[in-house]
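This is what each chain is made of:
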Amino acid sequence: MTDRELKKENQISNETDGNKGVEPGLFDMHVHSSFSADSDTGLAEYAVRAGELKLKGLCFTEHADYNPGEEDYDFFSYQDFIISLKNLQDSLKKSNTELYLLKGIEYSEPHLYHRKFQELKEKSFDMIMAAVHWVKGGFVGDQEITAKYSPREIFSVYYDKLLKTAKFGGYDVLAHFDFPRRYLGAEAARGFARIESKILKVLIEQDIVLEVNTSPVRKAGLEPMPSARILSEYYRLGGRKVILGSDAHSLEELGRDLDQAYSLVQKIGLTAGYFKDRTFRPC
Ligand SMILES: [Zn+2]
Ligand SMILES: [Zn+2]
């Protein structure tokens, strides 16, 4: 390993202003704008920031939640999103700005809310990502859940749901594989190797790609999701393709720690890419 690689590997930063740029040519494939209920950053602001960071592109992956208990239940408006994005793409074209702006959604638990899922699948997206955020009637990281249930219980319910989501299929990417780790820590994620492999196999069979989500790096000083261990298992089982995402909800978060994720996946032998018209392309 070279000094530069070693330096990069040890670079787990928690500061909020340390994001000066990323490896040229990378895509941030997980970004929330004001078309998600939990972000108030506009599409155009992200485009400007992406240019400063020298990203090749980014994908807006707005929350599509149809769980009646979710605060953002049915918040996403496809029509408004598409019109705004098209306007922005047109203005970038006029100014000769080379930046891929991709349209996606992060759909929570399609196996439970399949009617709306089928409806949205018919629309024009570059990437459809599925995710699990809830266990036992609440958000994984909510205090009422973490206070009531042990980390082990939360993780095992989560993985059962993730397996169902994986089997349901019909989407391009599975988001943040070991999501509860961001709230429960690395120790809580141990002991689930069997179900992890089972889920990975189901994904690989259907050509569903893993997202490498960097949010735990800045939020908890932890490695990206999934962990290097799970990514290595994915590789061992035949998985090769990944996308990289910061899960940004604000401008400062755009592109954060993508370099770290990129060197990690390269080391394992995985190919980082992006989706355009629902087809994977290497970066
Ligand atoms: Zn998510
Ligand atoms: Zn997200």
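Residues numbered from 1 in each chain as written. Chains lettered and ligands numbered in written order. Predicted model: local features only at pLDDT ≥ 70, side-chain atom pairs only at ≥ 80, totals over all residues.

Notes on the sheet that holds strand β3 (residues 100-108)
Within a sheet, each strand pairs with its neighbour through backbone hydrogen bonds, oriented either parallel or antiparallel.
Thought 1: Strands sit in the order β1-β2-β3-β4-β7-β8-β9-β10-β11 across an open sheet of 9 strands; the sheet is mixed. Sheet topology places β1 (27-31) and β11 (279-282) at the edges, where each strand pairs with a single neighbour. (Pairing = 2+ DSSP bridges. Helix = DSSP H or I, 4+ residues; strand = E, 2+ residues; numbered from the N terminus.)

Let's talk about the environment of Asp 259
Thought 1: Considering the arrangement of structural elements, one finds Asp 259 in helix α11 (residues 258-268).
Thought 2: Given 18 C-beta atoms within 10 Å, Asp 259 falls into the partly exposed group.
Thought 3: For the pair Asp 259 and Val 31, spaced 228 residues apart in sequence, the C-alpha separation works out to 16 Å. (Buried ≥ 20, exposed ≤ 12 C-beta atoms within 10 Å, placed from the backbone.)

What to know about the confidence of the model for the protein
Thought 1: For the protein, mean pLDDT is 92; residues scoring 70 or higher make up 93% of the total.
Thought 2: For residues 1-18, every residue scores under 50 in pLDDT, and the model assigns this stretch 13 contacts once sequence neighbours within four places are set aside. (pLDDT = per-residue confidence, 0-100. Contact = placed C-beta atoms within 7 Å.)

Considering helix α6 (residues 151-168)
Because an α-helix packs 3.6 residues into every turn, residues spaced three or four apart end up facing the same way.
Thought 1: Helix length check: α6, at 18 residues, gives a terminal C-alpha distance of 26 Å against a target of 26 Å (1.5 Å per residue), a fit within 8%.
Thought 2: Ile 154, Phe 155, Tyr 158, Tyr 159, Leu 162, Thr 165 and Ala 166 are the residues of α6 that are buried. Projection of α6 onto a plane perpendicular to its axis shows the buried side chains occupying an angular sector of 125°, all on one side.
Thought 3: Contact partners of the buried residues in α6: β4 (127-131), β5 (134-135), α5 (143-148), β7 (173-174), α7 (181-184) and α8 (193-205).
Thought 4: One or two steps after α6, the chain reaches Gly 169, where phi turns positive at roughly 60°. (Expected span 1.5 Å × (residues − 1). Arc of directions from axis to C-beta.)

Examining the packing of α8 against helix α10 (residues 228-236)
Thought 1: Interaxial distance between α8 and α10 falls to 10 Å at its minimum, and their mutual angle equals 50°. With respect to each other, α8 and α10 are oriented oblique. By crossing handedness, the relation of α8 to α10 is classed as right-handed. Each of Glu 196, Ser 197 and Leu 200 in α8 lies in contact with α10, whose residues at this interface are Ile 230, Glu 233 and Tyr 234. (Axes fitted to C-alpha atoms, helices over the stretch in contact; angles between N-to-C directions. Parallel < 35°, antiparallel > 145°, perpendicular 65-115°, else oblique. Left-handed = near helix turned anticlockwise from the far one by under 90°.)

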